[in-house]
Amino acid sequence: MLRAAVRLSVSGVRSLTRTKRGYPAVLAWRGYSHEVEETDEEFDARWVTYFNKPDIDPWELRKGMNTLIGYDLVPEPKILEAALRACRRLNDLASAIRILEAVKDKAGPHKDIYPYVIQELRPTLDELGVSTPEELGIDKV
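First, a word on what this report is: a plain description of the structure on this page. (Residues numbered from 1 in each chain as written. Predicted model: local features only at pLDDT ≥ 70, side-chain atom pairs only at ≥ 80, totals over all residues. Heavy atoms only, no water.)

Side note on helix 5 (residues 93-107)
Counted only if it meets this: In this description a helix means any DSSP run of H or I spanning at least four residues, a strand means any run of E spanning at least two, and both kinds are numbered starting from the N terminus. A helix's residues, less one, multiplied by 1.5 Å, set its expected span. When a residue's accessible area, from a 1.4 Å probe over protein chains only, is under 20% of the maximum for its type it is buried; when over 50% it is exposed; and in between it is partly exposed. Note on contacts: a residue pair qualifies if any of its non-hydrogen atoms lie within 4.5 Å across the two residues.
If you check helix 5, its first and last C-alpha atoms are 22 Å apart, about what 15 residues at 1.5 Å a residue would give, namely 21 Å. Along helix 5, the positions that sit buried rather than exposed are S95, A96, I97, I99, L100, V103 and A107. Each element contacted by the buried residues of helix 5 is listed here: helix 3 (58-70), helix 4 (77-90), helix 6 (113-128) and helix 7 (133-136). Backbone geometry just after helix 5 places G108 at a positive phi near 55 degrees.

Rendered as structure tokens:
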């Protein structure tokens, strides 16, 4: 049995070292997706629907926000409103404030984006009883 195993392994090594001629080189090929690109309205609707799920749990909320913040954009106020309402359904004030902090961070050097977002979210923030990081004084730390 050992002799058969050695014979098979030696013949296997020999077949690996032999080069077969006559085969053309494999060409590099990239399989790009043929998927249609999502419009801004479809993107917004997808995220609003995600955060409006009635059975969303805290992990899904954090996962959704991490994914959303990972994109190269500042989320629209209607998406943030849905996320803040999800925080309220979960009774998670800390996540609501983190969302606002993340939006301020995503706005970066564009000083006019964050005030616009807060202006658009003001009725929702007042309705839900959520204070901004500036109102709480934690933006200066």
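Considering the pattern of salt bridges
The criterion, for reference: A carboxyl oxygen of Asp or Glu within 4 Å of a side-chain nitrogen of Lys or Arg is what we treat as a salt bridge.
Across all of its chains, the model carries 8 salt bridges by this definition. A salt bridge links E81 to R85, with the nearest nitrogen and oxygen atoms 3.3 Å apart. With E81 and R85 both in helix 4, this residue pair falls 4 residues apart, about one helical turn. Note that E127 is salt-bridged to R85, the shortest N-O span being 3.1 Å. On the criterion of sequence distance, the pair formed by E127 in helix 6 and R85 in helix 4 is long-range, its members being 42 residues apart. Relative accessible area serves as the criterion here: at 24%, R85 is assigned to the partly exposed category. Shared partners join several salt bridges into a network, and the residues in it are E81, R85 and E127.

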